[in-house]
Amino acid sequence: MTYAQAMDEFDPVFGIEVHVELNTRTKMFCGCANEFGAEPNTQVCPVCLGLPGAMPVTNEKAVESAIRLGLALGCSIRESSRFARKNYFYPDLAKDYQISQYDEPTCYEGALDVVLDDGTVVEIGIERAHMEEDAGKNTHVGGTGGIQGADYSLVDYNRGGVPLVEIVTKPITGMGDRTAEVARAYVATIRDIVRALGISDGRMEQGSVRADVNLSLRPKAVAGESQDDVPFGKRSETKNVNSLRAIERAVHFEAARQASLLLAGRPVVQETRHWHEDTSSTTPGRSKEEAEDYRYFPEPDLLPVQPAREWVEELRGTIPEHPAKMRARLREEWGFSDLEMRDAVAADALGLIASTVEAGTTAQSARKWWMGELSRVANDREVALGELPVTPAAVAELQGLVDSGKINDKLARQALEGVLAGEGSPTEVVASRGLEVVSDDSALEKAVDDALAAQPDVLAKIQDGKVQAAGAIVGAVMKATRGQADAARVREIILQRAGVEG
């Protein structure tokens, strides 16, 4: 059964829970550092480990970030909300409960416009965006790296207590065969928003943004029946999907899997499922056949969150432009094609290009460097573009040296190499490496005369009217000057020596 066949047979209903790790300096309820990549279990304390007598304190910056995200999602902000204890046993929750928000989330009832590649706008209803703490991280050793077949598991509690906002959509219907596309675009839009807000780095590969994908299939309405009146089917919840490509593939797999079961007369089990990136498939996790009872009760050690209305309105003024609207505006301002804009977005280069333009160069020049030479270097080093040791201001300075004629594109690449090696700014690298273009006529004339003496037949061709032959002499001069000659001036001197009009 393929995805397309499943869409022909059934009507999909889906919802997505996106977990966003906030980039606050410290954790949600304690003073431990909130930094990715530290040695296991070095960023822990009695509070985030849940030791007896430890008392949590709410991180004000995390509350601010959560409210700003809620406002960007069009949510209402509750005047008073509270935390609860969500009780369940997992080895990565040291205290056997998670501090979360239950029936009184701070942000609720929102809506988000998602723009698809062809310009179609889909409105996604947001049920809630609530604050909670993250759990630790399990590492399963042996087998395939998953929990099945592992020899043993290790737990790193560094992530335990990291501030999260969980964004829960309302059921999304009517998308048909565009369901996977819409799911991917929705998560991409959330990622773009949290980056624009500056509240998370949005790095899905590090778990800063991850999604649980809920999907069910229901029969298509028969003649005279409204699709809205057809009951939802049993749903699966694919956990911790952490790339945009995987979001789409998880929907494809689950739709095909459920359709195969239903057409064979077998039931779909309501359960969580594990996503396997290597096989683009899911396997059963734990059953959710019955309504789960996490035994929520109010967190007794934390005061309610009661943001002042004046503060909320002040935060509303900090909400940036919707990413899709910003891309449309920039595409028009910059004169980019749809393909150029999509490539820049896919490479996470849009913000870098924008900052480079702000630093004083053209959009096409900025795009040339970030999507060309710098993308190549990032791929070679296996790092993100934004992790390269070069700033947008430096790229703009480099292009300025080209525009002024001090260096050409070839020399600019050598200067960029020096900047990436930590040798200084583009101007400093050009000076220290002696890369400035040779424009002194006496030096160029000598180089031209030497090249013409070595290739007298070329001079004869030019004098016979075959002006394009001058390219051979230009190439020889450029080689002799290690690419530092002013090529345009060299060509002028060659034609003067041949007595030919340019």
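Our subject in this report is the structure included herewith. (Residues numbered from 1 in each chain as written. Predicted model: local features only at pLDDT ≥ 70, side-chain atom pairs only at ≥ 80, totals over all residues. Heavy atoms only, no water.)

Another aspect to go through is the overall build of the protein. Helix and strand content of the protein: 16 helices and 14 strands. Here the C-alpha coordinates of the protein stretch approximately 95 × 60 × 55 Å along the principal axes. Sequence-distant contacts in the protein: of pairs separated by 6 or more residues, those separated by 24 or more amount to 68%. Carbon and sulfur atoms make up 50% of the accessible area of the protein, which totals about 24100 Å². Seen as two clouds, the 55 positive and the 79 negative side-chain charges of the protein have centres 2 Å apart. (Helix = DSSP H or I, 4+ residues; strand = E, 2+ residues; numbered from the N terminus. Contact = heavy atoms within 4.5 Å. Areas by Shrake-Rupley, 256 points an atom, 1.4 Å probe, with all protein chains shown as cover. Lys, Arg positive; Asp, Glu negative; His and termini not counted. Charge placed at Lys NZ, Arg CZ, Asp CG, Glu CD.)

Here we come to the pairing of strand S12 (residues 271–276). In terms of strand pairing, strand S11 (residues 236–241) meets S12 through four bridges, oriented parallel. Within S12, the residue paired with serine 236 across the bridge is glutamate 271. The β-α-β motif built from S11, the intervening helix H4 (residues 244–263) and the parallel element S12 has left-handed crossover chirality. Of the strand pairs in this sheet, S12 and strand S13 (residues 281–287) are connected by five bridges, and their pairing is antiparallel. Opposite arginine 273, over in S13, you have proline 284 as the bridge partner. From the end of S12 to the start of S13, which pair antiparallel, there are four residues, and serine 280 there has a positive phi angle of about 55°. (Pairing = 2+ DSSP bridges. Right-handed = clockwise from strand over helix to strand, strands pointing away.)

It is worth spelling out the environment of aspartate 278 at this point. Structurally, aspartate 278 is set in the loop between S12 and S13. With relative accessibility at 66%, the residue aspartate 278 sits in the exposed group. (Buried < 20%, exposed > 50% of the residue type's maximum accessible area, 1.4 Å probe, protein only.)

We now examine the nonpolar core. Ranked by internal contacts, the top residues of the largest apolar core, which has 67 residues, are Val18, Leu69, Leu73, Ile167, Tyr186, Val187 and Ile190. By residue number, the principal contributor to this core is helix H3 (residues 179–197), which donates eleven residues. Listed in part, the 35 residues of the second largest apolar core include Trp334, Trp369, Leu411 and Ala415. (Core = buried A, V, L, I, M, F, W, Y, C linked by side-chain atoms within 4.5 Å.)

Here we take up the packing of aromatic side chains. A full pass over the atoms with the stated rule returns four aromatic pairs. A centroid spacing of 5.3 Å and a plane angle of 85° characterise the contact between phenylalanine 29 and phenylalanine 83, whose relative ring orientation is edge-to-face. With phenylalanine 29 in the loop between strand S1 (10–21) and helix H2 (60–72) and phenylalanine 83 in the loop between strand S2 (76–77) and strand S3 (84–87), the pair connects residues that are 54 residues apart, well separated along the chain. When the ring of tyrosine 102 is compared with that of tyrosine 296, the centres are 3.9 Å apart and the planes differ by 10°; the resulting orientation is stacked. Of this pair, tyrosine 102 sits in the loop between strand S4 (97–100) and strand S5 (107–115) while tyrosine 296 sits in the loop between S13 and strand S14 (297–298), placing them 194 residues apart in sequence. You can call tyrosine 296 partly exposed: its relative accessible area is 26%. An aromatic cluster is present here, built from Tyr102, Tyr294 and Tyr296 joined pairwise through their rings. Taking the ring centre of tyrosine 294 as reference, the NZ or CZ of lysine 86 above it sits at 4.5 Å. Over the ring of tyrosine 97 we find lysine 95, and its NZ or CZ is 5.6 Å from the ring centre. (Phe/Tyr/Trp six-rings, centres within 6.5 Å; stacked < 30°, edge-to-face > 60°. Lys NZ or Arg CZ within 6 Å of the ring centre and 35° of its normal.)

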